[in-house]
Amino acid sequence: MLLADDSKDYRRLVKCLLTENGYDVVEAKDGLEGLRLAQQQAPDLALMDFEMPGMNGYELIQELRGREETRHLPIIMLTGARHRRHLREMDLGLAGFLEKPCNNAELLSTLRRV
């Protein structure tokens, strides 16, 4: 799984939860690194924030959808962005949408569903 979030502390917490539950996680500190890792690692799922420096979550989704090798990658957005309610309503082709803060059970349930 690809985890892209600019908050090092949040990535650390989520990665710990996910690895304890049997997921292999590769971390990206921003959208540009997320794109590079998605191409190199070929993850089965991407979990990403919206507000990231360099390339935000929307731009990352567009890049992933525009490339044959990542076009069908399931993406879950996990964000506390101010405009998160509007993001939820946009047709971004997401497999899931979670608002920060999100409890562990909700995150794990969404991952299992996807």
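Position labels on residues start from 1 in each chain and follow its written sequence. Reporting in this predicted model follows two pLDDT cut-offs: at least 70 for local features of residues, and 80 or more for side-chain atom pairs to be given and counted; totals over whole chains, interfaces and linings ignore these cut-offs and use all residues. To obtain the side-chain values, all non-hydrogen atoms of the structure were used and water was disregarded.

**Things to note about helix α1 (residues 8–20)**
Counting from the N terminus, the helices are DSSP H or I runs at least four residues long and the strands are E runs at least two residues long. What a helix should span is 1.5 Å times the count of its residues minus one. Spanning 13 residues, α1 covers 18 Å between terminal C-alpha atoms, matching the ideal 18 Å at 1.5 Å per step. Burial status follows relative accessibility: with a 1.4 Å probe on protein chains alone, a residue under 20% of its type maximum counts as buried, one over 50% as exposed, and anything between as partly exposed. Along α1, the positions that sit buried rather than exposed are Arg-11, Val-14, Leu-17 and Leu-18. Along the axis of α1, the buried positions cluster into a sector of 135 degrees, meaning they face one direction only. Away from its buried face by more than 90 degrees, α1 exposes Lys-8, Asp-9, Leu-13 and Glu-20. Just past α1, the residue Gly-22 takes up positive phi, approximately 90 degrees. Think of it as the arc spanned by the lines of direction from the helix axis to the C-beta atoms.

**Remarks on the nonpolar core**
Only buried residues count toward a nonpolar core, which is a set of Ala, Val, Leu, Ile, Met, Phe, Trp, Tyr and Cys residues joined through side-chain atoms within 4.5 Å. Judged by nonpolar contacts, the single largest core of 19 residues is most densely connected at Met-48, Leu-60 and Leu-64. Elements with a contribution of two residues or more to this core: β1 (2–4), α2 (31–41), β3 (46–48), α3 (57–65) and β4 (75–79). Should any heavy atoms of two residues lie within 4.5 Å, those residues are counted as being in contact. Met-48 has contacts with Ala-4, Gly-57, Leu-60, Ile-61, Leu-64, Ile-75, Ile-76, Met-77 and Leu-78, leaving out every residue within four places of it along the chain. With 15 residues, the next largest nonpolar core counts Leu-18, Val-25, Leu-45 and Leu-98 among its residues.

**Some thoughts on helix α5 (residues 104–113)**
Leu-107, Leu-108, Thr-110 and Leu-111 are the residues of α5 that are buried. Projection of α5 onto a plane perpendicular to its axis shows the buried side chains occupying an angular sector of 160 degrees, all on one side. Of the exposed residues in α5, those oriented more than 90 degrees away from the buried face are Ala-105, Arg-112 and Arg-113. In this fold, the buried residues of α5 make contact with α1, β3, β4 and β5 (96–99). Here a polar contact is taken to be a pair of N or O atoms separated by no more than 3.5 Å, where protein atoms must pair a possible hydrogen donor with a possible acceptor and residues adjacent in sequence count only if both atoms sit in side chains. The N-terminus of α5 is capped by Asn-103, whose side-chain oxygen sits 3.2 Å from the backbone nitrogen of Ala-105.

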